[in-house]
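Here are the chains, one letter per residue:
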Amino acid sequence: MKVKPLADRVLVKLEKNEAKTAGGIIIPDTAQEKTQQGVVVEVGDDKDAIKVKAGQKVMYDKYAGTQIKIKDVDHLILKMADVIAVVE
């Protein structure tokens, strides 16, 4: 399945949090905080509003977007206004 966002939306692949502490304690998924970083996979067609491009790592608002699964990998569809920074 290929997903192409429309207008000012971007498709972001979520990053997984480290599931183990420095001391070796495994943290279950239910106790982990939701990640707020991901990699842009696709961008919409509104070239004036979109300020990121595919392959860039971005930070986004904590409860933003619509979560979807593509080939068992978590992704988010976000509005460009919900993207708050580019991580370099």
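Structure: above.
Here's what I pulled together on the structure shown here. (Residues numbered from 1 in each chain as written. Predicted model: local features only at pLDDT ≥ 70, side-chain atom pairs only at ≥ 80, totals over all residues. Heavy atoms only, no water.)

Topic: the sheet that holds strand E4 (residues 66–70)
- Within the open sheet, the 6 strands sit side by side as E4-E5-E1-E2-E3-E6. Their pairing is antiparallel. The sheet is open, and its two borders are formed by E4 and strand E6 (83–87), each paired with just one other strand. Across the sheet, the mean angle from the axis of one strand to that of its neighbour is 40°, orientation sign disregarded.
- Note: strand E2 (residues 37–43) against strand E3 (residues 57–60), 3 bridges, orientation antiparallel. What sits directly across from Gly38, in E3, is Val58. (Pairing = 2+ DSSP bridges. Helix = DSSP H or I, 4+ residues; strand = E, 2+ residues; numbered from the N terminus. Axes fitted to C-alpha atoms, helices over the stretch in contact; angles between N-to-C directions.)

Description of the nonpolar core
- In terms of nonpolar packing, the biggest core is built from 14 residues, with Val10, Val52, Leu78 and Val83 touching the most fellow members.
- Contributions of two or more residues to this core are made by strand E1 (9–14), E2, E3 and strand E5 (73–79).
- Looking at this core element by element, the count peaks at 3 residues for E1.
- When near neighbours in sequence (up to four residues on either side) are disregarded, Val83 contacts Val10, Val52, Val58, Met59, Tyr60 and Leu78. (Core = buried A, V, L, I, M, F, W, Y, C linked by side-chain atoms within 4.5 Å. Buried < 20%, exposed > 50% of the residue type's maximum accessible area, 1.4 Å probe, protein only. Contact = heavy atoms within 4.5 Å.)

Brief notes about the environment of Ala7
- The residue Ala7 is located in the segment before E1 in this model.
- For the pair Ala7 and Val43, spaced 36 residues apart in sequence, the C-alpha separation works out to 8.6 Å.
- Discounting chain neighbours no more than four positions away, the residues touching Ala7 are Gly44, Asp45, Asp46 and Ile50.

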